[in-house]
Amino acid sequence: MRSSNPVFSRRGFSRDNGYAGFNTAPQAGGAAVGTQGANPYAQNPQAQNPYAQNPYAQQDAAQYGAPHAPVSAGRMTMDDVIMRTATTLGVLIVTAALAWALLPVDMGNINRSYGIAIGAALIGFVLAMVQSFKRKASPALILTYAAFEGVFLGVLSSIVDTHIASGAAMQAVLGTMAVFAAVLFAYKMRWIRVNRRFAGFVMAAALGFVLLMMVNMLFAVFGGGDGLGFRSGGMGIMFGVIGVLLGACFLALDFKQVEDGIAYGAPREESWMAAFGLTLTLVWIYTEFLRLIAILNSSD
């Protein structure tokens, strides 16, 4: 039974099978992902494939009768994920560059530009939530989210780079790329074992982290100053490092989602959800790096 929470469902969580069907095996002909032993699909095509119960299969059955045999051309591939992710990140980078160039952050214009950035961030957040709870991936919605998120990141990066630490944006980009490469290498070498325990720990840690940051923000808004101090000084540095580490853990979950999706023969449109998840994680890591660099330079 798939989880009733579309956010967890999109990342592969289910009440019966844990994360992305860890207790099952991929389709016949595919290598087992995180499992050992014989492939049950070689003897039983109707074995417990989590994608056999996905909403797309249900819709196809309702509209067109009994489902046909799977066609490889309609299944998600690594090329699909790479192309969709590149497209999504490309839109984000272009809008970030435009925001950097067209929204000045000098003392006379910084309030207006920052207000536009906050508005873009709120719109991006709403779009991300809408997509997370949709049953189907919407490329237009995902790309629109990337565009608004790019505006926010462009202005934020320009402010930090101009007023706090010159070169901070490039340092954050390099840091994000380094984390991505390191986690991908560790994942491919199987140094990171992504299982239900790992996924549960990451989700619990991320929830606690977000709640602490929200409490800190409320104290800052209503009490003034830096709130509880979670985003400044030594505490800010510690929480910045924790934020980057959480982002790295989410990258491992994203890689597992992609790997299992391909192995289980997920519909091709799921590659948009994989690209969406990777973009969210990379934005998280970049923002944490940018915040960490700003704190370190403010402490000098």
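Before reading on, note that the structure itself is shown above.
Every chain is numbered independently, its residues counted from 1 as its sequence is written. For this predicted model, a pLDDT threshold of at least 70 governs which residues receive local features, and a threshold of 80 or more governs which side-chain atom pairs are given and counted, while totals over whole chains, interfaces and linings are taken from all residues. Values shown for side chains rest on all heavy atoms present in the structure; no hydrogens or waters enter the calculation.

Draft legend 1. Inspection of helix 6 (residues 168-188) at higher detail. Numbering goes from the N terminus for both helices and strands, where a helix is a DSSP run of H or I of at least four residues and a strand is a run of E of at least two. How far a helix is expected to stretch is found by multiplying one less than its residue total by 1.5 Å. Taking 1.5 Å per residue as the helical rise, helix 6 with its 21 residues ought to reach 30 Å, and the 30 Å between its terminal C-alpha atoms agrees with that figure. On the buried face of helix 6, the contacting elements are helix 3 (78-102), helix 5 (139-163), helix 8 (233-263) and helix 9 (270-298). At the C-terminal side of helix 6, Arg190 shows a positive phi close to 65 degrees. Should any heavy atoms of two residues lie within 4.5 Å, those residues are considered in contact.

Draft legend 2. How the structure looks around the nonpolar core. The set of buried Ala, Val, Leu, Ile, Met, Phe, Trp, Tyr and Cys residues whose side-chain atoms join them within 4.5 Å is what this entry labels a nonpolar core. Per-residue accessibility, obtained with a 1.4 Å probe over protein chains only, is compared with the maximum for each type, and a residue is labelled buried under 20%, exposed over 50%, and partly exposed between these values. Grouped together as the largest cluster of nonpolar side chains are 58 residues, with contacts concentrated most on Tyr145, Val155, Val179, Val183, Leu251, Leu253 and Leu290. Contributions of two or more residues to this core are made by helix 3, helix 4 (110-132), helix 5, helix 6, helix 7 (196-223), helix 8 and helix 9. The element that contributes the greatest number of residues to this core is helix 9, accounting for 13 residues. Other than its neighbours up to four places away in sequence, Val155 contacts Ala99, Leu103, Val105, Ser113, Tyr114 and Ala117.

Draft legend 3. Quick peek at the layout of surface pockets. Each pocket or cavity is described by its volume, and for the second largest pocket that value is around 1000 Å³. Buried and open spaces are told apart on a 1 Å grid over the protein atoms alone, a cavity being a set of points where a 1.4 Å probe fits but cannot get out and a pocket being an open set with protein on both sides within 12 Å along at least five of seven lines. Residues with an atom within 4 Å of a point are the lining residues. In this structure, the second largest pocket is lined by 32 residues; those nearest its centre are Leu89, Thr176, Met177, Phe180 and Leu282. Put simply, the parts of the chain that give the lining of the second largest pocket at least two residues each are helix 3, helix 5, helix 6, helix 8 and helix 9. It is helix 3 that provides the largest number of residues to the lining of the second largest pocket, a total of 11 residues. Grid points are joined across faces, edges and corners, and a volume is the space filled by probe spheres set on the points.

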